[in-house]
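An overview of the molecular structure
Read off the chains here:
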Amino acid sequence: MSFSPLQSDAANMQTQHSLVLLSLLSALLTACQSVGVQYRFPTAMEPSAELQGKEGGMIDTFDAEGCYVGRTSVTDKVRLRAGDPVVLAYEVVLNASTYNTIYNVPPITCTRLFSFIPQANARYVLRGDIRYVNGKNLFGKTIAIPSCEAGLKQRLQDGAFIDVPVTYLGLQRKRWNCLQASPLLDNPP
């Protein structure tokens, strides 16, 4: 399976800072995985698609102005409204143990936000991972650099998987009480 690695530039840093702020706000509101206005799942009569969630998977909800208003945890199978855009988030923190804090090993945070439009009767799988790619440090020595990857696969009738085109998003502050998701200018391929 292939993933689309994301850039590590200023836009990504702003997105990560906004998502950290969003996560902290969510944590303050409740200890539950879901917070604020929940995603409106389809009724039995509405056209729908299936999404196999993943630990760290969320559906983010936005109001009519496009401001963030809540999130719903999706760690298991859920139904999505077909034809309506959905904003998915994948968030995971590695090395967040007390041991790593004592020995000053920073946690690795993977946070990605993207949208797509589910098709009726389709089956999707949320993917996300932290992989390591070769890089160089200040002294030119080869080192492993963590790369946060997230995306979506569609399961076909024959069981094969194909990549689903998604739009990677960043959070921008519209006003003090409004975070909006907007497409990143340098969307990964």
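Please read all numbers here as calculations on a predicted model, not as lab measurements.

A short note on unusual backbone geometry
Phi is positive for Asn 121, which is not a glycine, with a value near 65°. For Asn 121, the location among the structural elements is in the loop between β7 (108-116) and β8 (123-136).

As for a nonpolar patch on the surface
A cluster of nonpolar residues, Val 133, Ile 143 and Ile 145, forms a patch on the protein surface that exposes about 190 Å² of accessible area. In this structure, Ile 145 sits in strand β9 (residues 142-155). Among the residues examined, Ile 145 registers a relative accessible area of 33% and is labelled partly exposed.

A look at the side chain of Glu 50
When you line up the elements, Glu 50 lands in strand β2 (residues 48-52). Residue classification places Glu 50 among the buried positions, given a relative accessible area of 19%. When neighbours within four sequence positions are excluded, Glu 50 is seen to be in contact with Lys 77, Val 78, Arg 79, Ala 122, Arg 123 and Tyr 124.

Looking at the sheet that holds β8
Spatial ordering of the open sheet is given by β5-β2-β8-β9-β10, a layout of five strands whose pairing is mixed. On the outer flanks of this sheet lie β5 (77-81) and β10 (161-163), each paired with one strand and no other. Strand-to-strand, the axes of this sheet are offset by a mean angle of 40°, without reference to chain direction. Sheet analysis places β9 next to β10, joined by three bridges and oriented antiparallel. Residue pairing across strands places Lys 153 opposite Asp 163, the latter belonging to β10.

Brief notes about the state of the cysteines
If you walk through the whole model with that rule in mind, you get two disulfides. Sulfur-sulfur distance for the disulfide between Cys 67 and Cys 178 comes to 1.9 Å. Disulfide Cys 67 to Cys 178: torsion about the S-S bond roughly -90°, handedness left-handed. Remark: Cys 178 occurs in strand β12 (residues 178-183) and Cys 67 occurs in the loop between β3 (57-62) and β4 (68-73); sequence separation between them is 111 residues. Take Cys 67: its relative accessible area is 3%, and that puts it in the buried class. Here the chain pairs its bonded cysteines, counted in sequence order, in the arrangement 1-4, 2-3.

Calculation notes
Residues numbered from 1 in each chain as written. Predicted model: local features only at pLDDT ≥ 70, side-chain atom pairs only at ≥ 80, totals over all residues. Heavy atoms only, no water. Helix = DSSP H or I, 4+ residues; strand = E, 2+ residues; numbered from the N terminus. Patch = residues over 30% accessible without salt bridge, like charges linked within 9 Å, V, L, I, M, F, W, Y side chains within 5 Å. Areas by Shrake-Rupley, 256 points an atom, 1.4 Å probe, with all protein chains shown as cover. Salt bridge = Lys/Arg side-chain N within 4 Å of Asp/Glu carboxyl O. Buried < 20%, exposed > 50% of the residue type's maximum accessible area, 1.4 Å probe, protein only. Contact = heavy atoms within 4.5 Å. Pairing = 2+ DSSP bridges. Axes fitted to C-alpha atoms, helices over the stretch in contact; angles between N-to-C directions. Disulfide = S-S within 2.5 Å.

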